[in-house]
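The lines below spell out each chain.
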2 protein chains.
Amino acid sequence: MPEFNAFFSRLRDRIDANDTVVSVGLDADVDRLPEHLREKDLPRWAFNRRIIDATHEYAACYKPNAAFYEDADGWRSLRETVAYAHGKDVPVLLDAKRADIGNTARKYAELLDDVDAITANPYMGRDSLEPFLSRSDKGVFVLCRTSNPGGADLQDLELSSGEPLYRRVAALADTWNQYGNVGLVVGATAPEELEELRGEVPELPFLVPGVGAQGGDVEAAVEYGLADGVGLVNSSRGIIFAGEDAGERFAAAAGQAAKRLRDQLNRHRD
Amino acid sequence: MPEFNAFFSRLRDRIDANDTVVSVGLDADVDRLPEHLREKDLPRWAFNRRIIDATHEYAACYKPNAAFYEDADGWRSLRETVAYAHGKDVPVLLDAKRADIGNTARKYAELLDDVDAITANPYMGRDSLEPFLSRSDKGVFVLCRTSNPGGADLQDLELSSGEPLYRRVAALADTWNQYGNVGLVVGATAPEELEELRGEVPELPFLVPGVGAQGGDVEAAVEYGLADGVGLVNSSRGIIFAGEDAGERFAAAAGQAAKRLRDQLNRHRD
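Given the structure is predicted, the values throughout are model-derived calculations rather than measurements. (Residues numbered from 1 in each chain as written. Chains lettered and ligands numbered in written order. Predicted model: local features only at pLDDT ≥ 70, side-chain atom pairs only at ≥ 80, totals over all residues.)

Asker: Before we move on, could you go through the overall build of chain A and cite the residues and values that matter?
Answerer: When helices and strands are tallied, chain A shows 11 helices and eight strands. Taking 270 residues into account, the globule formula puts the C-alpha radius of gyration at 18 Å, and chain A, at 18 Å, falls close to it. Along the three orthogonal principal directions, the C-alpha set of chain A runs to about 55 × 45 × 35 Å. The proportion of buried residues among the 270 residues of chain A is 59%. (Helix = DSSP H or I, 4+ residues; strand = E, 2+ residues; numbered from the N terminus. Rg over C-alpha atoms; globule rule 2.2 N^0.38 Å. Buried ≥ 20, exposed ≤ 12 C-beta atoms within 10 Å, placed from the backbone.)

Asker: Requested: an account of the sheet that holds strand β6 (residues 182-186) of chain A, with residues and values cited.
Answerer: All names here are of chain A. What the eight strands build is an open sheet, ordered β2-β1-β8-β7-β6-β5-β4-β3; its pairing is parallel. Either end of the sheet is taken by a strand with one partner, and the two such strands are β2 (61-64) and β3 (93-98). Neighbour-to-neighbour, the strand axes of the sheet open up by a mean angle of 30 degrees, direction not taken into account. Pairing analysis gives five bridges linking strand β5 (residues 139-145) to β6, with the strands arranged parallel. Along β6, the bridge assignment pairs Val142 with Leu184. (Pairing = 2+ DSSP bridges. Axes fitted to C-alpha atoms, helices over the stretch in contact; angles between N-to-C directions.)

Asker: Give me the pairing of strand β5 (residues 139-145) of chain B: which residues, what numbers.
Answerer: All names here are of chain B. Most of β5 sits inside the fold, with seven of its seven residues counted as buried. As judged from the four bridges shared by strand β4 (residues 117-120) and β5, these two strands associate in the parallel manner. Looking across to β5, one finds that Thr119 is bridged to Phe141. In the classification by handedness, the crossover that spans β4, the intervening helix α6 (residues 126-133) and the parallel β5 is right-handed. (Right-handed = clockwise from strand over helix to strand, strands pointing away.)

Asker: How would you summarise the environment of A:Ile51 if you had to cite specific residues and measurements?
Answerer: Residues and elements named next belong to chain A. Along the chain, the position of Ile51 falls in helix α2 (residues 43-55). Put simply, Ile51 and Gly150 are 99 residues apart on the chain and 31 Å apart in space, counted from C-alpha to C-alpha. Once you skip the residues sitting within four places of it in the chain, Ile51 turns out to touch Leu26, Ile240, Ala251 and Ala254. (Contact = placed C-beta atoms within 7 Å.)

Asker: Hey, could you go over the packing of helix α3 (residues 72-87) of chain A against helix α4 (residues 72-87) of chain B for me, with residue numbers and the actual values?
Answerer: Running from N to C, α3(A) and α4(B) cross one another at 170 degrees; their axes reach a closest spacing of 7 Å. Classed by the angle they form, the pair α3(A) and α4(B) counts as roughly antiparallel. Listed contacts from α4(B) to A:Ala72, A:Trp75 and A:Arg76 of α3(A) are B:Ala72, B:Trp75 and B:Arg76. For the contact of α3(A) with α4(B), the class distribution of residues is four nonpolar, no polar and two charged. (Parallel < 35°, antiparallel > 145°, perpendicular 65-115°, else oblique. Nonpolar A, V, L, I, M, F, W, Y, C, P; charged D, E, K, R; others polar.)

Asker: Before we move on, could you go through the interface of chain B and chain A and cite the residues and values that matter?
Answerer: The interface of chain B with chain A comprises 45 residues on the first partner and 45 residues on the second. Across the side of chain B that touches chain A, the residue classes tally to 20 nonpolar, 12 polar and 13 charged.

Asker: Which residues make up the nonpolar core, and what values do they have?
Answerer: Counting residues in each nonpolar core, the largest one holds 188 residues, and the members touching the most others are A:Val142, A:Cys144, A:Leu184, B:Val142, B:Cys144 and B:Leu184. Discounting residues that sit within four places of it in the chain, B:Cys144 has contacts with B:Tyr166, B:Val169, B:Ala170, B:Ala173, B:Leu184, B:Val185, B:Val186 and B:Leu197. (Core = buried A, V, L, I, M, F, W, Y, C linked by C-beta atoms within 7 Å.)

Asker: Go over the sheet that holds strand β6 (residues 182-186) of chain B, please, and point to the residues and values.
Answerer: Residues and elements named next belong to chain B. Across the sheet, which stays open at both edges, the eight strands sit in the order β2-β1-β8-β7-β6-β5-β4-β3 with parallel pairing between neighbours. Taken across any chain shown, the strands that pair with only one partner, and hence form the sheet edges, are β2 (61-64) and β3 (93-98). The average angle at which neighbouring strand axes cross in this sheet is 30 degrees, direction not considered.

Asker: With reference to specific residues and values, describe the pairing of strand β1 (residues 22-26) of chain B.
Answerer: All names here are of chain B. Within β1, five of the five residues are buried, which leaves the element mostly enclosed by the surrounding structure. Alternating residues of β1 divide into Val22, Val24 and Leu26 and Ser23 and Gly25, and every residue in both groups is buried. Relative to β2, β1 is paired through four bridges, and the arrangement is parallel. Note that in β2 the partner of Leu26 across the bridge is Pro64.

Asker: With reference to specific residues and values, describe the relation of the copies chain B and chain A.
Answerer: Between chain B and chain A, which share one sequence, the superposing operator has a rotation angle of 180 degrees and an axial displacement of 0.0 Å; the RMSD is 0.0 Å. The transformation just described matches what one would write down for a two-fold rotation axis. (Least-squares fit on C-alpha atoms with pLDDT ≥ 70 in both.)

Asker: I'd love a proper account of unusual backbone geometry, names of residues and values included.
Answerer: All names here are of chain A. At Asp19, a residue that is not glycine, the phi angle is positive and equals roughly 50 degrees. Of note, Asp19 is situated in the loop between α1 (6-18) and β1 (22-26). Judged by C-beta crowding, with 12 C-beta atoms within 10 Å, Asp19 ranks as exposed. In this model, Leu42 sits at a positive phi of 50 degrees, which is unusual for a non-glycine residue. Here Leu42 shows up in the loop between β1 and α2. For Leu42, a count of 17 C-beta atoms within 10 Å gives the class partly exposed.

If you want it as structure tokens, here you go:
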């Protein structure tokens, strides 16, 4: 069993220093930004900066989802956001869910140059993730059991060995963990699966989405999501759009929502 | 069985008009562009424009892989490239391999606003692809059996029903094909799987990568890749970097490579 690598060690330090396992999802949907920011240059960056100011104290990491930045201004906003989060000493996990064949995956892995960790999709197999996995200083969270209803379509399929596909993916990811840099994405909407997977791969930290807008199980997320105290429980819209109707006070509302989630999670931590 | 939708009808027209099933992969890796283009504003766009000028006559579609455009200049280059390809009357398939939960997938689906079709990853299930699938005028190529060695890690796993996972994915994609807008990505590196899948889903056009740099089976790609004459056989590096050592004559070399592949494929078409 490899020790945690540089990324997970840094994450552990952050978790300990700020007493929080909250991942704040920066899903800066342009259509939902406050009116008064939309006129600015790079509205998503203006929004994220204020959200980070209000939430960083409660954040173990920031998790921008790449989907919300896939245009020229978006990539500039993302770059500014990452630098600003780092300025507040908070690691950044890019939720990209990428994978591709060799030379293309190598290109995707350049996304890791600026951030600290990434999410990746296992359907194309190990070599499609190798350029992520070989970055021994970064983190790679492999999709395992996702929190959406359709997650069952493939992930729950029973293999001839009797186990569901997602368990095999967990076992594979465990073998891919040469550097102590691998984690899993496991949704909070299926608590019994969280428990089962924690037993299967005791050393892998989980990123647990689905406790906010998706209504997942907070206690299970904490009890089974952490490996040796390290792991992340994410809320995106539940934090950043908590003040959607609060006008210029949107950021304060986001800060309160982040604090509330931190406290709620900490009640179940040891 | 739904009729081909607007995208596949357009693709069929293009295939018939230019007598070609070649997909030209625009993997404009900045590190491999000709020296004399690297000083230009938006080198990737400068490169793609010349490649399109030289190859469009032989192209049934262009397939830029999103990995090579994931930065601010990249997205601008991609937008120019798409518009230019459309100006030559060639459809554009964005090789993005995306999928995500509800509101995020909806954001990814905006990538389809400018292009004609997209590739998508099935691991997260139907609802993660719904925003692509519901675009009845566009095309969605679902990853099924990919051409990389690691493709076997998950895709070849035997289900309790006895079939490998990729066959189930093909069957699922067939049920997702409400609008005649769904195709599959099936690598040319496994000809017997191409044959098997063609039997399983006779109506779905395949996008067959892996005949160029990856050395797949050209005859099988044509024989089993097409559904009622419609489908695509892709080469990326084998075309666009055919003139990597040709200096300013790189585009002419790409044109010759595209013509060669078209002729090679047409020898096996009816």
